[in-house]
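A look at the structure
As a plain string of letters, each chain reads:
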Amino acid sequence: MDRADFRTPLREVMPGVLMKFECDNPGGSHKVRAAYRVIDKGIRDGHIVPGKTTIIEKTGGNFGFGLAVVCNKLQIPVELAVGLGFSAIKRRYLEMFGARLIGVELLKQGATPKEVVSRQLEQASRNGRSYFYTDQFSNIASIHAHEFETGREIVEQLHGWPTVKRLVFVACAGTGASFTGVARALMGSGYEVSCVLVEPEGCDASKGVFVDHPFEGMSVGVSPPFLDWGQVQDRHAVTFDAAMETRRWFCQRSGYFIGNTTAACLTVARRLAERMSDDQKVVMLFYDHGLWYSH
Ligand SMILES: Cc1ncc(COP(=O)(O)O)c(C=O)c1O
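Residues numbered from 1 in each chain as written. Predicted model: local features only at pLDDT ≥ 70, side-chain atom pairs only at ≥ 80, totals over all residues. Heavy atoms only, no water.

**A few points about the packing of aromatic side chains**
If you walk through the whole model with that rule in mind, you get nine aromatic pairs. For the pair Phe-65 and Phe-97, a centre-to-centre distance of 5.0 Å together with 85° between the ring planes defines the contact as edge-to-face. One end of the pair, Phe-65, is in helix α2 (residues 62–74); the other, Phe-97, is in the loop between α3 (88–96) and β5 (100–101), and 32 residues separate them in sequence. Residue Phe-97 is classed as partly exposed on the basis of its relative accessible area of 31%. With a centroid separation of 5.1 Å and an interplanar angle of 75°, the aromatic rings of Phe-215 and Phe-240 are classed as edge-to-face. A residue pair is termed long-range when its members are at least 10 positions apart, and Phe-215 in the loop between β8 (192–200) and β9 (232–238) and Phe-240 in helix α8 (residues 240–254) qualify at 25 residues. You'll find Phe-215 and Phe-240 in the same group, each marked buried. Three or more aromatic residues joined by ring pairs form one cluster here, namely Phe-21, Tyr-256 and Phe-286. Above the ring of Phe-21, the side-chain terminus of Arg-11 is found at 4.4 Å from the ring centroid. Note that Arg-270 overlies the ring of Trp-249, its terminal NZ or CZ placed 3.7 Å from the centroid. (Phe/Tyr/Trp six-rings, centres within 6.5 Å; stacked < 30°, edge-to-face > 60°. Helix = DSSP H or I, 4+ residues; strand = E, 2+ residues; numbered from the N terminus. Buried < 20%, exposed > 50% of the residue type's maximum accessible area, 1.4 Å probe, protein only. Lys NZ or Arg CZ within 6 Å of the ring centre and 35° of its normal.)

**Concerning the packing of helix α6 (residues 141–157) against helix α7 (residues 177–187)**
Two elements in contact, α6 and α7, have axes whose closest approach is 7 Å; the angle formed by their N-to-C orientations is 45°. One way to sum up the angle between α6 and α7 is to call them oblique. For the pair α6 and α7, the crossing hand works out as right-handed. Residues Ser-142, Ile-143, His-146, Glu-147, Thr-150, Gly-151, Arg-152, Ile-154 and Val-155 of α6 form the contact with α7, whose own contacting residues are Ala-177, Ser-178, Thr-180, Gly-181, Val-182, Arg-184, Ala-185 and Leu-186. For the contact of α6 with α7, the residue count by class is seven nonpolar, seven polar and three charged. (Axes fitted to C-alpha atoms, helices over the stretch in contact; angles between N-to-C directions. Parallel < 35°, antiparallel > 145°, perpendicular 65-115°, else oblique. Left-handed = near helix turned anticlockwise from the far one by under 90°. Contact = heavy atoms within 4.5 Å. Nonpolar A, V, L, I, M, F, W, Y, C, P; charged D, E, K, R; others polar.)

**Looking at the UniProt feature "domain: Tryptophan synthase beta chain-like PALP" (unreviewed entry) in the protein**
The UniProt feature table records "domain: Tryptophan synthase beta chain-like PALP" (unreviewed entry) at residues 8–287. Annotation note: span residues 8–287, helix share 40%, strand share 18%, distance between end C-alpha atoms 11 Å. (UniProt positions renumbered as here; feature names shortened; annotations may be inferred.)

**Comments concerning the environment of Ile-154**
Residue placement: Ile-154 occurs in helix α6. As for Ile-154 and Gln-233, which are separated by 79 residues in sequence, their C-alpha atoms are 20 Å apart. Dropping the residues within four chain positions of it, Ile-154 is found in contact with Leu-10, Lys-20, Val-182, Leu-186, Val-283 and Leu-285.

**Comments concerning the site of the ligand**
If you check the shell around the ligand, you find 16 residues, and the closest are Lys-31, Gly-174, Thr-175, Ser-178 and Thr-261. Within the backbone of Gly-176, one N or O atom sits 2.9 Å away from an oxygen atom of the ligand. Thr-261 has a polar side-chain atom sitting 2.8 Å from a nitrogen atom of the ligand. Look at the ligand: alone it shows 390 Å² of surface, and the protein chains cover 95% of it. By residue class, the composition of the shell around the ligand is five nonpolar, eight polar and three charged. (Near = heavy atom within 4 Å. Polar contact = N/O pair within 3.5 Å; in protein donor to acceptor, adjacent residues only side chain to side chain. Areas by Shrake-Rupley, 256 points an atom, 1.4 Å probe, with all protein chains shown as cover.)

See below:
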């Protein structure tokens, strides 16, 4: 497997809205690109030795699928601490993809995924096992994946819309790596770009305010470490009901069943596209499919 496996289409899914189909990637989302970069860098830096090292991470799903997909080929075992609040189907499929879900009993007793990872690393140091904690919230290889791959691909693909001069990039943030990486690539490519951050209603990452919500993957309770606030020109809040209405509307219109975070972004993109002029498009990511979410 190499980066060439991750090339995805850019489609104008409705007038004015260009969507990058990251759901077509192996592992089903944009996060496989981050996983590939993180593992590749870990191996090149000598921190990961295939056949010896086990990868460990706390993830709500998509980064875990990415890690499993990338590591299967390299015969590197992957252990994941997945919070019990995440989609049960996703958890089952992570195992099908070859990841080992750890700490389920501890999680049931109220431990956090972070505590599960810490416990496993402590035990490993006692029994001499070698782990590499990919730590997606502090590994900047993820930004590079989206700047030099996802974002650059979009720029190349935009040649298919030669009259476009201005872009509105509409995105959400978990780690913020895809927001920042893609925004940087678009801004560095000669377009006039403005970036819009989408958040669940009640969350305001700029103030560190988060509420519980069902949009798995975005606004995850910590301020997105990779979000470059200087790039965020506007913020829009979306209710879950509005996103689900957009998802129903979009699947009947296009046949594509989008995941919850994509539905949140499309809710905003759709509104903005109504005001676009001929030289302007909204760009957004189709992060993942909706089939594995329970609502
Ligand atoms: C479905 C989904 N949407 C959006 C995001 C946000 O991506 P990023 O971590 O690049 O901000 C994630 C992250 O896991 C995700 O799984």
